[in-house]
Structures are given as C-alpha cells and as structure tokens.
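Examining the three-dimensional arrangement
Below, each chain spelled out in residue letters.
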Amino acid sequence: MLLVNIQKKLQSLLLDVHFKADGEIVVLFGPSGAGKTTILNCIAGLIHPDSGQIKLNKRNLYNGKQKPMPIAKRHIGYLFQDYALFPHMTVEKNIRYGMKDEQLLHHLAELMGIKHLFGSYPHQISGGEKQRVALVRTLVTKPKALLLDEPFSSLDIHTKLACQDELIRLHESWNIPIVLVTHDIEEAEKLGDLILRIDNGQLFCPQ
C-alpha cells in the first residue's frame, strides 16, 4: 500500500495532499501547474515535502521526524515527462539499466515496436519512440510502485491503446500501486481505479 499525506509550499499555492493506493491505479487529473508532478517527485524522493508522511508497504519513505529514505532504496519506477534517457547509452542499454526480467523486456519491446531501435541512441529517435523506450525501461525494473507522468501523450492512437491495455494487464498481475498523471479524461476513466482532481493544491474525488 502507498500512503501519501504531505504538505509543501509552492510558488503560488500550498500543496496539501492526502490519498492512499492499495494496489490501485490512482489518476491525478488537473491543469498544468497544479502540483501533479510535484506529488510524483515527492513520492520518488527527488524533492521532499515540508511536512507529512509517505509510506510504501509499511516502509517510511518520508517522515518529517526522520531522514528521508534514499531514492535508490525506494524501489519505485518513475516515467518522467521528459523521458530522462541516458544520452550516451544505446536504446538497448537504456532499457537494460535496472532490468529484472529478460522475458518481460522482450515482450514489452515487441509490444511497443522498438526492437529495431536497440542499436540507436536517444538523439537518433523521435519523441514518440523515446517515450516508448522510457516506458519499457521503467516497467522492466518490476518496481514496488509505479509513477507515470503523462506516459502515453506522444504516442499514436493505436500504440496508446495497446500500451494502456498492457498497463492494465501488468497491474492485474503485479498488484502494485500506480500513480498516473494525465490531462486526458478518457484515459483517466479507462485506467483509474480512483480519479483525483487537483484544485488549488488539494485533491478531490469527482462525483
């Protein structure tokens, strides 16, 4: 289970967020600049809240009274909006970084249609291809929780639907908490067990 109960002062608002995901897909939905990516960054450990608590499977990732758990020990997969691929590594080496399941790698590479890119470098491939590579790299680490920031935004409709279906299948198999940021309401309704709209720094469950 992922428990998030944090407060953080941003430039224009106070982020005051409370939610939990017990093997669910939680969708954060709302306008740009509302704090959605900040929430993901706090869970991942890239930044820290001002106060509160973040727990994953009974482990304290952040507690205002203790030293935050290092990023590498959180076992969280994070697909960044800018993909964060290593520019000096080929696509294959990027994907194998942190890989835990060879069979899963080949299955996802086939599904995403990126096997022909294995020898290429990030600067040699398109934005949509980078997004598919980054998604595969995130999934093959078999994380204990998964953070996805606009994971399918640059994909064509056929690939997007296939990736959404595969995410649902993997989630049913792994039963891990997933927090997904999107601006696409249809995507939110398809994927989300719980949809939370962020407004003025707080999360609400739409009726």
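Keep in mind it's a predicted model, so treat the numbers as computed, not measured.

Rules used in this analysis
- What you see as residue numbers is a count from 1 along each chain, following the sequence as written.
- In keeping with the model being predicted, local features are shown solely for residues with a pLDDT of at least 70 and side-chain atom pairs are shown and tallied solely at 80 or more, while totals for entire chains, interfaces and linings include all residues.
- Excluded from the side-chain calculation are hydrogens and water; included are all heavy atoms of the structure.
- Put simply, DSSP H or I for four residues or longer makes a helix, DSSP E for two residues or longer makes a strand, and each gets a number counted from the N terminus.
- One less than the number of residues in a helix, times 1.5 Å, gives the span that helix is expected to have.
- When accessible area is computed with a 1.4 Å probe and restricted to protein chains, residues below 20% of their type maximum are described as buried, those above 50% as exposed, and intermediate ones as partly exposed.
- Domain ranges listed in this record stem from an automatic or a database domain assignment.
- Whether two residues are in contact is decided by their heavy atoms: any pair within 4.5 Å suffices.
- Buried area counts how much accessible surface, traced with a 1.4 Å probe, disappears from two parts once they are put together, with both parts' losses summed.
- We define a salt bridge as a contact between a side-chain nitrogen of Lys or Arg and a carboxyl oxygen of Asp or Glu at a distance within 4 Å.
- UniProt positions are given in the numbering used here, feature names are shortened, and annotations may be inferred rather than shown by experiment.
- The pairing criterion is simple: DSSP has to find at least two bridges between the two strands.
- Two rings from Phe, Tyr or Trp (for Trp, the six-membered ring) form a pair when their centres are within 6.5 Å of each other. A pair whose planes differ by under 30 degrees is stacked, one over 60 is edge-to-face, and the rest are tilted.
- Comment: the charge-over-ring label is applied if NZ (Lys) or CZ (Arg) is within 6 Å of the ring centre and within 35 degrees of the ring normal.

1. Observations regarding helix H4 (residues 127-139)
Between its first and last C-alpha atoms H4 spans 19 Å; for 13 residues at 1.5 Å apiece the expected length is 18 Å, and the two agree. Where burial is concerned, most of H4 is hidden: eleven out of the 13 residues are buried. Every buried residue belonging to H4 is among Gly 128, Glu 129, Gln 131, Arg 132, Val 133, Ala 134, Leu 135, Val 136, Arg 137, Thr 138 and Leu 139, and all of these are buried.

2. Quick word on the domain arrangement of the protein chain
Each domain of the protein chain was delimited in the assignment, giving domain 1 (1-74 + 145-151 + 176-206) and domain 2 (76-142). For domain 1 versus domain 2, the separation of C-alpha centres amounts to 24 Å. The interface of domain 1 with domain 2 comprises 16 residues on the first partner and ten residues on the second. Taking both partners together, domain 1 and domain 2 bury about 1,100 Å²; carbon and sulfur atoms supply 62% of that area. Here domain 1 is connected to domain 2 by zero salt bridges.

3. Examining the UniProt feature "domain: ABC transporter" (unreviewed entry) in the protein chain
Here the UniProt-annotated "domain: ABC transporter" (unreviewed entry) positions come out as residues 1-205. The span residues 1-205 is 31% helix and 27% strand, and its two end C-alpha atoms sit 19 Å from each other.

4. Description of unusual backbone geometry
Unlike most non-glycine residues, Asn 57 shows phi in positive territory, near 50°. Looking at the element boundaries, Asn 57 is found in the loop between strand E4 (51-56) and strand E5 (59-63). Even without being a glycine, Lys 142 presents a positive backbone phi close to 50°. Assignment of secondary structure puts Lys 142 in the loop between H4 and strand E7 (145-149). You can call Lys 142 partly exposed: its relative accessible area is 36%.

5. Side note on the pairing of strand E2 (residues 14-21)
Side-chain positions along a regular strand alternate between the two faces of the sheet. Residues of E2 alternate between two faces, with Leu 15, Val 17, Phe 19 and Ala 21 buried on one and Leu 14, Asp 16, His 18 and Lys 20 left unburied on the opposite face. Sheet topology places strand E1 (residues 2-9) next to E2; eight bridges connect them, and they run antiparallel. Opposite Lys 9, over in E2, you have Leu 14 as the bridge partner. What sits between the antiparallel neighbours E1 and E2 is a turn of four residues.

6. What about the packing of aromatic side chains?
Inspection of every chain in the model, using the stated rule, returns two aromatic pairs. Relative to Phe 80, the ring of Tyr 78 lies with its centre 4.1 Å away and its plane at 25°, an arrangement referred to as stacked. Between Phe 86 and Tyr 97, the aromatic rings sit 4.9 Å apart at their centres with planes inclined by 70°, giving edge-to-face as the arrangement. On the criterion of sequence distance, the pair formed by Phe 86 in the loop between strand E6 (76-79) and helix H2 (91-96) and Tyr 97 in the loop between H2 and helix H3 (102-112) is long-range, its members being eleven residues apart. Sitting over the face of the ring of Phe 86, Arg 137 holds its NZ or CZ atom 5.1 Å from the ring centroid.

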